[in-house]
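Structural characterization, general
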Amino acid sequence: MSLSGLRAVILGVVRYVLALGLFVMVWHAAALWVGKPNTLPQPAEVFVQAIDLVGSGELFGHVASTIRRLIAGFLIACAIGIPVGLAVGLSRSLAQYVTPLVEALRPISGIAWIPLALYALGVGEALPHFIIFYGAVFPVLVNTAGAVRQVDPGLLNAALTLGASRALIVRAIVLPACLPMIFVGARLGLGVGWMAVIASELIGAPSGLGYLIEWNRTMLMSSRVLVGVLTIGFLGYLMDWALRRTAFALTPWWTGWRQHG
Amino acid sequence: MAESNVASGQVRLAVLRGFSIPVVLLIVWQWLAPADASQTGIAPTPLGVLLGFWELTQSGELPRSLLQSLIRIASGFTIAFSLAVTAAVLVWLWRPVEYLLDPLIETFRPVAPIAWIPLAILWFGTGTWAAIFIVGYAVFFPSFVNTLAGLRAVDQRLIDAARTLGAGRWRIIRDLIIPGALPAIVLGARLGIGVGWAAIVAAEMTVGSKSGGGASGGIGQMMFIFLSYSLELRYIIVGMITVGIVALTIDAGFRRLERRLTPWAR
């Protein structure tokens, strides 16, 4: 890294710390002025509760169950969404069969399924998994199918002329060409899944970050609620970052990240 | 002549194929459900859901809840969108504002709006203001980010050229900056309100699931009350379909607005 680059990074960090410091001061003043720790706790109180929740291992346990659910639901969504998306993109008649059904179900957000799923599945592990899967599968499927249709027909025709088999074309041309858009879909799906897991834990799960914040609300422990909320933000950022890095590493040739990043 | 016949034949085939799976599913559903209904009286059927639409509209529950949710999302959107555009313009104009706001926005942006529901309930109670806060939080960040990106994407050379040619400040804003940034601004609004609609349903459901009724209303709460009190699954499905139709309508409306406001952007 060049010297000027290093300077820019340091300057950025300093600005970030200053701005956040100012925010914390305003928050502290507001908390003093409101004077109701059950409603607006002081920053120091939130910090103390954060240490307590981390130290007792309680936070980690909730994070672990939320992340486990999210990853499982998300992987199921990818395992179904990507192959179906590829098939729909490759076969026009299949697309004609499937598209209307997908377009009819897609606008109903996963969250709207919670009451019905709560009745069918009950409070427990199945509910968040289903809601995450439902929320994530459509972005993955639709983006995959769209990616297949955007594959350069010149490449396909060239491969056909050279006598490549259908399987080879899919493996050597379609898949690599689609990979960037599949990642865009996966990123969208993970974002929707993240909302879905928190929502389903708020309403119907006995553990996880959503449960943590809702439980502490009923206990009027708003400092603990804030710890949960900030953890949710931090994890959301971390996951998006990780997926972006993975996508960047796997599809280094793609320049479209600027548009979709 | 023959060609158009072939084309219309293909369209007919596509429509036929498109309807086939949903129709088969609906028939199977209708055919399987009654066996269960005779025992519990709650198993929903497609016809029962249709009837449920009629009943809930007659009783006024569906229009009332829907209207309440729509008013909430409209007010939350209006407040948050105005704030977001103002903040983006300020950040775009003045460096110090950027240094101050950018870290805060980057810190709070990744927090899912749904995660604020418990705090919103603590701060604003279980009524309309909590819902407006959640919608506003969902709308603010996409609107801000896209407005700023749109403003920054306006070609500086065009502004310089216009200035050289003697265009006034107001003229540059009207003819260059607003048209240049508008596509991104409308896109941000569309993304934001989409998340906002999902979030408000979640907020109303959380309230419905915890407060045991009350006066807060909204379509999410309506659905949850049918789960907790009367176990009318048909009505829950009516609510789900309504949520989907509203999402679709809002999205289509904004896409249309995009095309009308910015016909030059593809």
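Just so you know, these numbers come straight off a predicted model, no measurement behind them. (Residues numbered from 1 in each chain as written. Chains lettered and ligands numbered in written order. Predicted model: local features only at pLDDT ≥ 70, side-chain atom pairs only at ≥ 80, totals over all residues.)

**Section: the overall build of chain B**
Looking only at helices and strands, chain B features ten helices and zero strands. For chain B, the α and β elements follow one another from N to C terminus as α-α-α-α-α-α-α-α-α-α. Across the 266 residues of chain B, 39% fall into the buried class. Pairs at least 24 residues apart make up 70% of the contacts formed inside chain B by residues separated by at least 6 positions. (Helix = DSSP H or I, 4+ residues; strand = E, 2+ residues; numbered from the N terminus. Buried ≥ 20, exposed ≤ 12 C-beta atoms within 10 Å, placed from the backbone. Contact = placed C-beta atoms within 7 Å.)

**Quick notes on the overall build of chain A**
Across its full length, chain A holds eleven helices and zero strands. Seen in sequence order, chain A has helices and strands lined up from the N terminus as α-α-α-α-α-α-α-α-α-α-α. The C-alpha atoms of chain A give a radius of gyration of 23 Å, which is well past the 18 Å a tight globule of 261 residues would have. Along the longest, intermediate and shortest principal axes, the C-alpha atoms of chain A span 75 × 60 × 30 Å. Across the 261 residues of chain A, 41% fall into the buried class. (Rg over C-alpha atoms; globule rule 2.2 N^0.38 Å.)

**Overview of the nonpolar core**
Ranked by internal contacts, the top residues of the largest apolar core, which has 133 residues, are I198(A) and I134(B). I134(B) has contacts with P113(B), W116(B), I117(B), A120(B), A199(B), I200(B) and A203(B), leaving out every residue within four places of it along the chain. (Core = buried A, V, L, I, M, F, W, Y, C linked by C-beta atoms within 7 Å.)

**Some thoughts on the interface of chain B and chain A**
Across the contact, 42 residues belong to chain B and 41 residues belong to chain A. At the level of elements, α1 (2-40), α4 (95-108), α5 (117-124), α8 (169-211), α9 (219-230) and α10 (233-261) of chain B are the ones that each hand at least two residues to the side of chain B that touches chain A. If you tally residues by element for the side of chain B that touches chain A, the top one is α10(B), at eight residues. Residue classes in the side of chain B that touches chain A are distributed as 35 nonpolar, six polar and one charged. (Nonpolar A, V, L, I, M, F, W, Y, C, P; charged D, E, K, R; others polar.)

**Things to note about the packing of helix α2 (residues 43-55) of chain A against helix α10 (residues 222-250) of chain A**
Residues and elements named next belong to chain A. At their nearest, the axes of α2 and α10 sit 8 Å apart, and the two run at 70° to each other. On the basis of their axis angle, the class for α2 and α10 is roughly perpendicular. Our pair here, α2 against α10, has a crossing hand that is right-handed. Of the residues in α10, those touching α2 at E45, V46, Q49, A50 and L53 are S223, R224, L226 and V227. Taken together, the residues that form the contact of α2 with α10 break down as five nonpolar, two polar and two charged. (Axes fitted to C-alpha atoms, helices over the stretch in contact; angles between N-to-C directions. Parallel < 35°, antiparallel > 145°, perpendicular 65-115°, else oblique. Left-handed = near helix turned anticlockwise from the far one by under 90°.)

**Looking at the packing of helix α3 (residues 58-90) of chain A against helix α8 (residues 166-204) of chain A**
Residue and element names in this part refer to chain A. Interaxial distance between α3 and α8 falls to 9 Å at its minimum, and their mutual angle equals 140°. By the angle between their directions, the pair α3 and α8 is classed as oblique. The hand of the α3/α8 crossing is right-handed. Along the contact surface, α3 presents T66, R69, L70, G73, F74, A77, C78 and I82, while α8 presents I182, A186, G189, L190, G193, W194, V197 and E201.

**Section: the environment of L187(B)**
Residue and element names in this part refer to chain B. Note on placement: L187 falls in helix α8. Residues L187 and M240, spaced 53 residues apart in sequence, show a C-alpha to C-alpha distance of 26 Å. When neighbours within four sequence positions are excluded, L187 is seen to be in contact with N146 and E258.

**Examining the confidence of the model for chain A**
On average, chain A scores 88 in pLDDT, and the residues at 70 or more come to 97%. When mean pLDDT is taken per element in chain A, α3(A) scores highest with 94 and helix α11 (residues 257-260) of chain A scores lowest with 53. (pLDDT = per-residue confidence, 0-100.)

**A word on the environment of A158(A)**
Tracing the backbone through its elements, the reader meets A158(A) in helix α7 (residues 153-161). Sequence separation between A158(A) and T39(A) is 119 residues, and the spatial gap between their C-alpha atoms is 66 Å.

**Here's the deal with unusual backbone geometry**
Negative phi values dominate among residues other than glycine, just as trans dominates among peptide bonds. In this structure, L220(A) takes a positive phi of about 60° despite not being glycine. Within the secondary structure layout, L220(A) lies in the loop between α9 (209-218) and α10.

**Overview of the confidence of the model for chain B**
Per-residue pLDDT for chain B averages 84, and the proportion of residues at 70 or more is 89%. Predicted confidence in chain B is weakest over α1(B), with a mean pLDDT of 73, and strongest over helix α3 (residues 61-93) of chain B, with 92.

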